[in-house]
Amino acid sequence: MIESPVEMPVPSSIEIAPSILAADFASLGDAIRAVERAGVSTLHVDVMDGHFVPNISIGVPVVSSLRKATRMTLDVHLMIENPDQYIEAFAAAGADMISVHQEATPHLDRVLTMIREHGCRPGAVINPATPVAMLSEVLGKLDHVLVMSVNPGFGGQRFIPDALKKVRQLRELRERENYTFRIEIDGGIGPENIGDVVRAGAEILVAGTSVFHSADPAAAVRSMLHQANEALAQAV
């Protein structure tokens, strides 16, 4: 168990956002319906270009297909170079949230403005080696901050515990400066660390392998959400 101090009020609303990167792409419709049965409201969609990260995943057409298949919020995580060139296309395809990496663009402020102008909620992502301070000038523009707790590019990696420090930092900054962004975390999230993650301050928990590689994805979501809420109740 990773010890994490609780100096501030814990978040009141926790979401599990299943990552379809871990789902069976031959039956995405079944995967979506499985997590919808658990009451999931947000679906995490990883977009990789084989350049910014060493893998290639889905693109605009799949996001468009997902939009037709579900009313869930589509949380589109762009792990791509030159994200500004694709904001309009992903917004038109049906994205509700669009997150871009601080490391992927020298014009983060401009890209975040573009996301909001296209009717989506803007988020910024930081990799494990990127400090929270790199977002200091844009925190007031963000709907959410996504902390990577693995190095992006592949599912099924082990959780990096130092991510909890960043979550706590973001939570403290939000309280001190009256920001409104939500805190999201992605990578290696499962029953073994979910309590530590929510006590640190994360509110949107991206889970791929622990959901879609289980025998019953809906039950896996419900179990993790129960664990998260229990951890918060114990922390109060």
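Check the entry above for the structure.
Conventions and cut-offs
- Residues numbered from 1 in each chain as written.
- Predicted model: local features only at pLDDT ≥ 70, side-chain atom pairs only at ≥ 80, totals over all residues.
- Heavy atoms only, no water.
- Helix = DSSP H or I, 4+ residues; strand = E, 2+ residues; numbered from the N terminus.
- Buried < 20%, exposed > 50% of the residue type's maximum accessible area, 1.4 Å probe, protein only.
- Pairing = 2+ DSSP bridges.
- Axes fitted to C-alpha atoms, helices over the stretch in contact; angles between N-to-C directions.
- Phe/Tyr/Trp six-rings, centres within 6.5 Å; stacked < 30°, edge-to-face > 60°.
- Core = buried A, V, L, I, M, F, W, Y, C linked by side-chain atoms within 4.5 Å.
- Contact = heavy atoms within 4.5 Å.
- 1 Å grid on protein atoms, 1.4 Å probe; cavity = no way out; pocket = protein on both sides within 12 Å on 5 of 7 lines; lining within 4 Å.
- Points joined across faces, edges and corners; volume = space filled by probe spheres on them.
- Nonpolar A, V, L, I, M, F, W, Y, C, P; charged D, E, K, R; others polar.
- Right-handed = clockwise from strand over helix to strand, strands pointing away.

Asks: Honestly, unusual backbone geometry in this entry has me stumped. Any pointers?
Replies: In this structure, N82 is a non-glycine residue whose phi angle is positive, near 50°. In this structure, N82 sits in the loop between β3 (73-79) and α3 (87-93). One non-glycine residue, N178, lies in positive phi territory at about 60°. Position of N178 among the secondary structure elements: in the loop between α5 (163-177) and β7 (182-186). Its relative accessible area of 64% is what places N178 among the exposed residues.

Asks: It is not clear to me how the sheet that holds β3 should be interpreted in this structure. Could you clarify?
Replies: Taken in spatial order, the eight strands of this open sheet run β1-β8-β7-β6-β5-β4-β3-β2, and their pairing is parallel. Among the strands making up the open sheet, the edge pair consists of β1 (15-18) and β2 (42-48). Strand after strand, the sheet turns through a mean of 25° between neighbouring axes, direction not considered. Bridging between β2 and β3 involves seven bridges; their strand directions are parallel.

Asks: Hey, could you run me through the packing of aromatic side chains in this one?
Replies: Two aromatic rings, taken as a pair, are described by how far apart their centres are and by the angle between their planes. Applying the stated criterion across every chain, the model contains one aromatic pair. With a centroid separation of 5.9 Å and 35° between ring planes, the pair formed by Y179 and F181 is classed as tilted. Residue classification places Y179 among the partly exposed positions, given a relative accessible area of 25%.

Asks: Would you mind going over the environment of L164 with me for this structure?
Replies: Here L164 lies in helix α5. The class of L164 is buried, set by a relative accessible area of 1%. Sequence separation between L164 and V147 is 17 residues, and the spatial gap between their C-alpha atoms is 8.9 Å.

Asks: Would you take a moment to explain the nonpolar core for this structure?
Replies: What tends to happen in soluble globular proteins is that the nonpolar side chains get buried as a cluster. Grouped together as the largest cluster of nonpolar side chains are 67 residues, with contacts concentrated most on V76, L78, I98, V100, I185 and L205. Top element by residues in this core is helix α8 (residues 217-235). It accounts for six residues. Those residues within four positions of L78 in sequence are excluded, and the remaining contacts are V47, P83, I87, F90, I98, S99, V100 and H101.

Asks: Before we go on, may I ask you to explain the layout of surface pockets in this structure?
Replies: In this approach, a probe sized like a water molecule rolls over the atoms, and the result shows the empty space that is left. Quantified by volume, the second largest pocket comes out at close to 160 Å³. As for the second largest pocket, its lining consists of V47, M48, D49, I58, G59, V60, I80, E81, N82, Q85, Y86 and F90. Taken together, the residues of the lining of the second largest pocket sort by class into seven nonpolar, three polar and two charged.

Asks: What's the story with the side chain of T73 in this structure? I'm lost.
Replies: Within the secondary structure, T73 is located in strand β3. Given a relative accessible area of 17%, T73 falls into the buried group. Among residues more than four places away in sequence, those in contact with T73 are S41, T42, L43, D96, M97 and R121.

Asks: Just to check I follow, could you spell out the pairing of β1 for this structure?
Replies: Side-chain alternation along β1 places E15 and A17 on one buried face and I16 and P18 on a second face that is also buried. As defined by bridge partners, β1 adjoins strand β8 (residues 204-207) across four bridges and the pair is classed as parallel. Residue pairing across strands places P18 opposite A207, the latter belonging to β8.

Asks: Explain the side chain of N127 to me, please; I cannot follow it from the model alone.
Replies: Position of N127 among the secondary structure elements: in the loop between β5 (121-126) and β6 (144-148). Excluding its chain neighbours within four sequence positions, the residues that come into contact with N127 are F52, H101, E103, M148, P152 and K166.

Asks: Even after reading the chapter, I still don't get the pairing of β2, so can you show me in this structure?
Replies: Both faces of the sheet carry side chains from a regular strand, because those side chains alternate between them. Among the seven residues in β2, seven count as buried, and that is most of the element. Because side chains alternate across β2, one face comprises the buried residues T42, H44, D46 and M48, and the other comprises L43, V45 and V47, equally buried. With respect to chirality, the unit in which β2 leads through helix α2 (residues 60-69) into the neighbouring parallel β3 is right-handed.

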